[in-house]
Amino acid sequence: MHQKKNDDWIWWKHGVIYHIYPRSFYDSNDDGIGDINGIICKLDYLKQLGVDAIWLSPIYKSPNIDFGYDVSDYRAINPEYGNLDDFKNLLEIAHSKNIKIIMDMIMNHTSNQHPWFIESSSSSDNPKRDWYIWKSDNKGKVPNNWKSSFGYSAWQFDDNTKEYYLHSFFKEQPDLNWRNKEMLKAFFEEIKFWLEMGVDGFRLDVINMIIKDKKYRNNPLNINIPFLQEHKYSRNRPKSHQIVKKLRKLIDKYNDKVLIGEIYVMPPGNAELSASYLSDGENGIHLAFDFSMIFQKWNAGNIYKCIKKWNASVSKDGWLCNVLSNHDLKRSINRTFIRLHQVEKAKIEAVLLLTLKGTPFVYYGEEIGMKNAKIPYQYIKDPLGKRFWPLYNGRDGARTPMQWNADVFAGFSSVVPWLPVNKDYNETNVFNQAKDPHSIFNLYNRLIQLRKEYPSLSKGDFIPVKKGKEGILVYSRTYEDETLTIVLNFTSRKKKLSLKGKGRYEILFSTNNIFEDDNSANNEIVIYPFEARIYKPYHI
């Protein structure tokens, strides 16, 4: 096996991170809901796949208005997932398998059932009143024109104290006031609780929203964006960077931890904004999501432009990460406008994700090509889906149970799951794909192994060669004396092209089941429709 000395390997930089939506991963106690012990049951699967860390969507105690993103107790596990002992067991077993655990941390808001908010809303002079954002009316109207991310007014009137509180999402999710130093100190203690337990880091939910305009100025109207409002003053305020720096100082007191920021933006994305939270690599978060590539259609040129902008936006001391799917957006396999050749396109996306410079994030089920499910109205759980149906049926379609096998309920549970299993589970499942050497699953497995074998894929520089013209994207990854070249054909046509440089190349990897040996001396190659290849220099 090709293996280079890898002494400077850093797990959150050079490894692969796997995103689990716990309700939908594996049900160990037959209640229809995935749980912590279910994740423990599947750790060997994740180890076999080759992932280095798991990011868990929220598992804290919650009334589940927004399925865990409304936290009522940051130090407790929601009983449907288990308890603290179960979580400690997960940490111990995962760590024994060299798998890190990353938790979601929701800093912008709590549940309205959190003890802090219960106190804050009890009276206007309660000591915790200023821990949340309260305002009097504005001449009989709401304090300003701010809208929540879901289209409502962002202000909710409280009958008890006769003032409004701010909520950037659902009214049951009141926003915390990060300008209050006592609240900040208390929240950092919640974070320390998990760090002391041994958690390896946090994904920070909507971290660019935690600070609001001090003057609460009206947001400008914009007819070109959803809900006709530009969130100029209700997010992306400069002081949020100061909070991030304080959090970085806290986490740096612990060894080998990571902070990953979700920078909440609307399409088409904002690479510069995401990169700004990385700072110089030492004073900001370690990784930040740029969703620009997620928002792109199936077009090699446009995807290259996203890659170029993201690489240019991150400072030389920062580090990139890449993502194609998550729990809030359509799965990547469903974002192609024309629903033909989905498997082939999913394989190209896998090669792209796992060979670009930066840390790859794999969303559960992406490794078998799971598709968004069509959820009938009567089964919709997401409040957004209930509100906007039939124009938008919510986020449930990307959150359906993991498809383990062709048994009833896809092997996820022995009882009816909390969401319906996607109808294609008989064909698309882990058991079937593990047996098929040409499956998406085995492609992911091989690519992840290649990342471990070839440091250029996990550490190397990104050098563009062909920038998406005529549907072909080619780039090299170089590290020390090692260079690999990645060729992606986004089209349904066979293409001829020349590889950059002198000498001969051999195919290290291809998504095509059968290909001709075209290691020609003049570097002229033929790449087949919807094929991805990895080349390395040929050595006699």
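Conventions we followed
Residues numbered from 1 in each chain as written. Predicted model: local features only at pLDDT ≥ 70, side-chain atom pairs only at ≥ 80, totals over all residues. Heavy atoms only, no water. Phe/Tyr/Trp six-rings, centres within 6.5 Å; stacked < 30°, edge-to-face > 60°. Helix = DSSP H or I, 4+ residues; strand = E, 2+ residues; numbered from the N terminus. Lys NZ or Arg CZ within 6 Å of the ring centre and 35° of its normal. 1 Å grid on protein atoms, 1.4 Å probe; cavity = no way out; pocket = protein on both sides within 12 Å on 5 of 7 lines; lining within 4 Å. Points joined across faces, edges and corners; volume = space filled by probe spheres on them. Nonpolar A, V, L, I, M, F, W, Y, C, P; charged D, E, K, R; others polar. Buried < 20%, exposed > 50% of the residue type's maximum accessible area, 1.4 Å probe, protein only. Contact = heavy atoms within 4.5 Å.

S.K.: Is there a simple way to think about the packing of aromatic side chains in this case?
M.R.: What describes a pair of aromatic rings is the distance from one ring centre to the other and the angle between the planes of the rings. This structure, assessed with the given rule, holds 39 aromatic pairs. With a centroid separation of 6.0 Å and an interplanar angle of 35°, the aromatic rings of phenylalanine 227 and phenylalanine 388 are classed as tilted. Pair noted here: phenylalanine 227 is in the loop between strand E9 (201–205) and helix H7 (239–251) and phenylalanine 388 is in helix H11 (residues 383–388), with a separation of 161 residues, a long-range link. Aromatic ring contacts, followed pair by pair, group Tyr60, Tyr74, Phe87, Trp116, Trp131, Trp178, Phe187, Phe188, Phe193 and Trp194 into a single cluster. Above the ring of tryptophan 418, the side-chain terminus of arginine 23 is found at 4.4 Å from the ring centroid. One Lys or Arg, lysine 42, reaches over the ring of tyrosine 26 and ends 4.6 Å from the middle of that ring.

S.K.: Explanation requested: empty space enclosed by the protein in the structure shown.
M.R.: The rolling of a water-molecule-sized probe over the atoms marks out the regions of remaining empty space. Enumeration over the complete set of coordinates arrives at 8 cavities of 30 Å³ or more. Its residues assigned to classes, the lining of the largest cavity shows 6 nonpolar, 2 polar and 3 charged. The volume enclosed by the second largest cavity comes to roughly 80 Å³. Taken together, Ser325, Arg331, Ser332, Ile333, Ala346, Glu349, Gly365, Glu366, Gly369, Met370 and Tyr444 make up the full set of residues lining the second largest cavity. Of the residues in the lining of the second largest cavity, the class split is 4 nonpolar, 4 polar and 3 charged.

S.K.: Help me out: how do you make sense of the environment of aspartate 104 in this one?
M.R.: Looking at the secondary structure, you find aspartate 104 in strand E5 (residues 100–106). What makes aspartate 104 buried here is its relative accessible area of 1%. It is 9.6 Å that separates the C-alpha atoms of aspartate 104 and glycine 68, two residues lying 36 residues apart in sequence. Contacts of aspartate 104, omitting those with residues within four sequence positions, involve Trp55, Leu56, Ser57, Pro58, Tyr60, Tyr69, Arg203 and Asp205.

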